[in-house]
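# Close look at the chain arrangement
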Amino acid sequence: QVQLVESGGGLVQAGGSLRLSCAASERTLSSYAMGWFRQAPGTEREFVAAISRSGGSTGYADSVKDRFTISRDNAKNTVYLQMNSLKPEDTAVYYCAADPKAYYSGSYSLRYDYWGPGTQVTVSS
């Protein structure tokens with residue numbers, strides 16, 4: 001099974017940017033649909049973005065559309081989440097997820113089989 005580790009989180013002011021990375025132990029990352037989810041204090045985990053095996057299809061939550069961009073570099077076994085125009089409500093632990101069964105898995109968290117431990121993103125106002 002694949003191991004996932006997120007990095008790139010931190011503290012930024014509102015309007016700033018961060019790029020998160022998800023490094024996978026599996027060298028054949030192209031066989032996994034990938035997604036990003038987040039969980040803020042006192043809330044349920046919510047969908048952020050998803051990307052197909054080859055990177056040809058992407059999807060976003062309405063709350064981050066036009067601000068966040070998901071991408072992948074299968075040669076580096078890495079998935080990215082570029083976050084621009086950050087808002088305080090983006091503050092959360094961000095999780096990378098993988099689905100070995102699908103081309104594209106979208107927003108339903110139960111479709112994903114593997115999860116990273118998360119990285120904290122804090123946006124100050």
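Below is a summary of the structure that appears in this document.

Analysis parameters
- Residues numbered from 1 in each chain as written.
- Predicted model: local features only at pLDDT ≥ 70, side-chain atom pairs only at ≥ 80, totals over all residues.
- Heavy atoms only, no water.
- Helix = DSSP H or I, 4+ residues; strand = E, 2+ residues; numbered from the N terminus.
- Contact = heavy atoms within 4.5 Å.
- Buried < 20%, exposed > 50% of the residue type's maximum accessible area, 1.4 Å probe, protein only.
- Core = buried A, V, L, I, M, F, W, Y, C linked by side-chain atoms within 4.5 Å.
- Pairing = 2+ DSSP bridges.
- Disulfide = S-S within 2.5 Å.
- Salt bridge = Lys/Arg side-chain N within 4 Å of Asp/Glu carboxyl O.

### Here we look at the environment of I70
Its place among the elements puts I70 in strand β7 (residues 68–73). The spacing of I70 and Q82 is 12 residues in sequence and 6.4 Å in space, taken between C-alpha atoms. Each residue touching I70, except ones within four places of it in the same chain, is listed here: M34, W36, A49, A50, I51, T58, Y60, V79, Y80 and L81.

### Thoughts on unusual backbone geometry
Phi is positive for D66, which is not a glycine, with a value near 80°. Among the secondary structure elements, D66 is positioned in the loop between β6 (58–60) and β7. Phi is positive for S85, close to 50°, though the residue is something other than glycine. Looking at the element boundaries, S85 is found in the loop between β8 (78–83) and β9 (92–99). Overall, the relative accessible area of 41% leaves S85 in the partly exposed class.

### Observations regarding the nonpolar core
Residues L4, M34, W36, L81, M83 and Y94 are the most contacted members of the largest nonpolar core, which totals 34 residues. Of all the elements in the fold, those that place two or more residues in this core are β3 (18–24), β4 (33–39), β5 (46–51), β7, β8, β9 and β11 (119–124). With sequence-adjacent residues up to four places away left out, Y94 is seen in contact with E6, L20, W36, F37, R38, V48, F68, L81, M83, G118, T119 and V121.

### Some details on the pairing of β7
Of the two faces of β7, only the one carrying F68, I70 and R72 is buried; T69, S71 and D73 on the other face are not. In this structure, β7 lies alongside β8, joined through 6 bridges in antiparallel fashion. Counterpart to R72 in the pairing with β8 is V79. Between β7 and β8, which pair antiparallel one after the other, the connecting turn spans 4 residues, and N77 there sits at a positive phi close to 55°.

### So, the state of the cysteines
Using the criterion set out here, one finds 1 disulfide in the structure. Between the sulfur of C22 and that of C96 lies a disulfide, 2.1 Å long from S to S. Residues C22 and C96 are joined by a disulfide whose S-S torsion is about -80°; by sign, that bridge is left-handed. Taken together, the positions of C22 in strand β3 and C96 in strand β9 put the pair 74 residues apart, joining distant regions of the chain.

### Let's talk about the pattern of salt bridges
Overall, the coordinates contain 5 salt bridges when judged by the stated rule. The shortest N-O distance in the salt bridge between D90 and R67 comes to 2.8 Å. Taken together, the residues D90 in the loop between β8 and β9 and R67 in the loop between β6 and β7 connect sequence positions 23 residues apart. With a relative accessible area of 0%, D90 lands in the buried category. On the basis of relative accessibility, which here comes to 10%, the residue R67 falls in the buried class. We note a salt bridge from D99 to K101, for which the minimum N-O separation is 2.9 Å. A single salt-bridge network, built from bridges that share partners, covers R38, E46, R67 and D90.

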